[in-house]
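So the chains spell out like this:
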Amino acid sequence: MQKEIALEVKDLVIRYRCLKSFSLKASLFRLAKGDQKIFEAVRGVSFSVPKGEILGIVGKNGSGKSTMLRAIAGIFSADEGTIDLHGNSVSLLSIGVGFQETLTGRENIILSGMLLGFSEQQVREKMDEIIEFANLGEFIDMPVKTYSSGMHSKLAFSITAILESDIILIDEVLSVGDSKFKKKSYNKMKELIDKEDRTVIIVSHVAETLQKLCNRILWLHDGQIRMIGDTGEVLAAYEEFMS
Amino acid sequence: MWKRFQTDVKKYINYANYSARSDLKAEVASSYLNWLWWILDPLLFMMVYTFIAVTIFQSRIEYFPIFVFIGLTLWNFFNKTIQGNVKLIRNNRNIVSKVYIPKYILVLQRTFVNAFKMFISLALVLVMMLVYRVPVSYRVIYLVPVLIVLFLLTFGISCLVTHFGVFVDDLYNVMQVVLRLLFYMSGIFYSIEKRLEEPLKSVLLNVNPMAFLIQCARQCLLYRETPSPVVLLLWGLIAFGTCVLGIHVIYKYENSYVKIM
C-alpha cells in the first residue's frame with residue numbers, strides 16, 4: 001500500500017557562513033582579511049516521511065539534527081535542495097517556545113497559537129484544554145518571566161500538543177518537566193501517534209523513548225545520513241557506535 | 001513579493017494587533033504610574049523646552065507650549081520606534097528562533113504600540129487647544145495625511161534599521177547620535193521658519209522629513225494654514241518607497257538572521 005507523503009526533503013544543504021555580526025570598530029581592522037569560513041551543518045540529506053509516520057532522529061551532538069528541524073519548520077531556508085511540506089502545517093516544539101516574557105501565560109497561549117497559524121477564535125476554543133493540560137494552577141495568569149524552566153516547557157508542550165498541526169517536530173522535549181508531567185506528555189504523544197494522520201519527527205538521545213514511539217529511525221552523522229530504517233536495527237547500530 | 005506580502009499580512013496582522021494590545025496592557029499592569037508616563041513624558045519635556053526657549057532665547061511664538069507639545073508628540077513616535085527597532089531581532093530571539101514569522105510583522109507591532117501612545121498624546125493636544133482657546137478651522141483634517149506619511153516613513157526606516165541592526169553590533173550608538181542631530185534639526189522647540197536664515201531654512205524644511213511633518217501638523221492645528229500638498233505628496237511617495245525597500249530587504253535576508261544571532 002502506497003502511503004501519502006507528508007514531508008519530502010531533497011538534497012538538503014544548510015551552511016553557516018561565519019558572517020557573524022560585527023561592530024564598526026572591529027570591522028575596520030578586520031576588513032582587510034575578509035576570509036569567510038563556511039561551515040556545513042547539513043550536507044546533502046534526502047528522505048521522505050509518509051503521512052502518519054513517527055520518525056526518530058538520532059546522532060551525536062552537533063551532527064545537524066536541530067538545524068534540520070529548524071529548516072523543516074521554516075525558521076531558515078535551505079541553501080541548497082528543497083523541503084516540500086505538501087501544504088501541511090508544521091510546528092516546532094522545543095524547550096521554551098517563543099514566549100513574550102512580560103505577558104501572562106494566557107496571552108502567550110493566544111500569541112503562540114496565532115504564530116502557529118491559528119485564528120484567535122480557534123485558540124480560544126482550545127484554551128481551557130491547554131490550560132488544563134499544562135496544569136500550571138494560578139501561574140497561568142502571571143507573566144511568563146516568573147515561570148520556572150519546567151513550567152515554561154510544560155506550557156510550550158501543551159500548546160503544540162493541543163493545537164494540532166499536521167506535522168509536529170519535537171526537539172528533545174520529552175525529557176523535561178517533573179515525572180508526573182513526563183508521564184502525561186508521553187501518554188499524549190502516544191495519543192497523537194495513534195491518530196492516523198499525524199506526522200511526527202522526534203529528535204532525542206533517549207533510546208528507550210524512541211524505541212517505544214517511532215516507526216523508523218534516521219541516524220544523522222556529521223550532517224549526512226548514516227543509516228535510515230527500522231527502529232530496532234538503527235538503534236542497535238547507533239548504540240554500538242556510541243559505546 | 002507583493003503577493004507574498006499580501007498573504008503574510010493577512011495571516012499575521014492579527015498577531016501584530018493582539019501582541020501590541022497585550023504589550024500595552026502589560027505596561028499598564030506592571031505599574032500604575034506607567035500609563036501616566038505616556039502623558040507625563042511629553043508634558044514635562046514640554047515644560048523644560050518652554051522654559052528654556054522663553055526665558056533664555058526669548059522666543060515669541062503664539063501658543064508656544066502647544067507648539068512644543070505637537071513637535072514632541074510626533075518626534076517621540078518617530079524616535080522611540082526607530083530606537084526600539086535597532087535591537088528588535090536580538091530582543092525577540094525567543095520567537096525568531098522558534099517559529100517563522102515575517103520579521104517586519106515585529107516591526108509593525110512596535111510601530112502600533114508607539115502609534116497608540118502618540119494618539120493619547122494627540123488627544124492631550126486637543127485638550128490644550130481647548131484650554132488655550134485656539135481657533136480651529138476645517139484644515140485640522142490635513143493632520144490625517146500628515147500622520148499617514150509619518151507612519152509609513154517611520155515603519156519604512158524602522159524596517160531598514162532592524163535589518164542592519166542584526167549585522168552591526170554598535171548601530172545603536174550610531175543611531176543615537178544621528179537621532180539626536182535630527183532632533184535639533186527638526187525645530188521642536190524653535191521655529192525653523194523664523195529663526196533660521198534662508199538657504200538653511202528651506203533645506204531643513206524640505207529635506208528633513210521630520211521638520212517638514214512637524215511644521216505641517218502645527219500649520220493645520222494651530223495656525224489655520226494649509227500644508228504644502230506637493231511636498232507632502234512627495235514625502236508620501238518617498239515614505240512608501242522606503243517601506244517597499246525595507247520589506248524587500250527583510251524578505252531577502254531574514255533567513256540568515258537566526259544563523260547570525
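Up top is the structure.
Values in this document were obtained by computation on a predicted structure and should not be read as measured data. (Residues numbered from 1 in each chain as written. Chains lettered and ligands numbered in written order. Predicted model: local features only at pLDDT ≥ 70, side-chain atom pairs only at ≥ 80, totals over all residues. Heavy atoms only, no water.)

What to know about helix H2 (residues 34–56) of chain B
Working note: α-helix, 3.6 residues per turn, so residues spaced by three or four point in the same direction.
All names here are of chain B.
Right, so step 1: With 23 residues, H2 should cover 33 Å at 1.5 Å per step; its first-to-last C-alpha distance of 32 Å lies within 8% of that length.
Right, so step 2: Along H2, the helix axis deviates most sharply at Leu 40, where the bend reaches about 35 degrees; the proline Pro 42 sits within four residues downstream.
Right, so step 3: Residues of H2 that are buried include every one of Trp 38, Pro 42, Met 46, Tyr 49, Thr 50 and Ala 53, and no others.
Right, so step 4: Remark: Gln 58 follows H2 within two positions and exhibits a positive phi of approximately 45 degrees. (Helix = DSSP H or I, 4+ residues; strand = E, 2+ residues; numbered from the N terminus. Expected span 1.5 Å × (residues − 1). Bend = angle between axes of the 7 residues up to and from the residue. Buried < 20%, exposed > 50% of the residue type's maximum accessible area, 1.4 Å probe, protein only.)

Some points on the pairing of strand E3 (residues 54–58) of chain A
Residues and elements named next belong to chain A.
Right, so step 1: Counting buried positions along E3 gives five out of five residues, so the element sits mostly inside the fold.
Right, so step 2: The alternating pattern of E3 places Ile 54, Gly 56 and Val 58 on one face and Leu 55 and Ile 57 on the opposite face, and all of these are buried.
Right, so step 3: Direction of pairing for E3 relative to strand E7 (residues 199–203): parallel, over a ladder of four bridges. When the bridges of E7 are listed, Ile 57 appears paired with Val 203. (Pairing = 2+ DSSP bridges.)

Focus on unusual backbone geometry
Right, so step 1: One non-glycine residue, Asp 222 of chain A, adopts positive backbone phi at about 50 degrees.
Right, so step 2: Its place among the elements puts Asp 222 of chain A in the loop between strand E8 (216–221) and strand E9 (224–230).
Right, so step 3: One non-glycine residue with positive phi stands out, namely Arg 133 of chain B, at about 50 degrees.
Right, so step 4: Tracing the backbone shows Arg 133 of chain B in the loop between helix H6 (103–131) and helix H7 (143–167).
Right, so step 5: The exposed category is assigned to Arg 133 of chain B, whose relative accessible area is 70%.

Focus: a nonpolar patch on the surface
Residue and element names in this part refer to chain B.
Right, so step 1: Together, Val 28, Leu 33, Trp 35, Leu 36, Trp 37, Leu 44 and Met 47 line one region of the surface with nonpolar side chains, adding up to about 610 Å² of accessible area.
Right, so step 2: Position of Trp 35 among the secondary structure elements: in helix H2.
Right, so step 3: With a relative accessible area of 38%, Trp 35 lands in the partly exposed category. (Patch = residues over 30% accessible without salt bridge, like charges linked within 9 Å, V, L, I, M, F, W, Y side chains within 5 Å. Areas by Shrake-Rupley, 256 points an atom, 1.4 Å probe, with all protein chains shown as cover. Salt bridge = Lys/Arg side-chain N within 4 Å of Asp/Glu carboxyl O.)

Thoughts on the environment of Arg 90 of chain B
All names here are of chain B.
Right, so step 1: Tracing the backbone shows Arg 90 in helix H4 (residues 88–91).
Right, so step 2: Judged by its relative accessible area of 30%, Arg 90 falls in the partly exposed class.
Right, so step 3: A polar side-chain atom of Arg 90 sits 3.2 Å from the main-chain carbonyl oxygen of Gly 165.
Right, so step 4: At 3.3 Å, the side chain of Arg 90 and the side chain of Asp 169 are in polar contact. (Polar contact = N/O pair within 3.5 Å; in protein donor to acceptor, adjacent residues only side chain to side chain.)

Some remarks on the interface of chain A and chain B
Right, so step 1: Counting residues at the interface gives 37 residues for chain A and 30 residues for chain B.
Right, so step 2: Across the chain A-chain B interface, the total number found is one salt bridge.
Right, so step 3: The salt bridge involving Glu 107 of chain A is made with Lys 25 of chain B; its shortest N-O contact spans 3.8 Å.
Right, so step 4: Along the contact surface separating chain A from chain B lie zero residue pairs in polar contact (both at pLDDT 80 or more).
Right, so step 5: Taken together, the elements giving at least two residues each to the side of chain A that touches chain B come down to strand E1 (5–17), helix H1 (24–30), helix H2 (65–73), strand E5 (90–94), helix H3 (105–115) and helix H4 (120–134) of chain A.
Right, so step 6: If one sorts the elements of the side of chain A that touches chain B by residue count, H3 of chain A sits on top with five residues.
Right, so step 7: For the side of chain A that touches chain B, the class distribution of residues is 18 nonpolar, ten polar and nine charged. (Contact = heavy atoms within 4.5 Å. Nonpolar A, V, L, I, M, F, W, Y, C, P; charged D, E, K, R; others polar.)

Just geometry here; none of it tells us what the structure is for.
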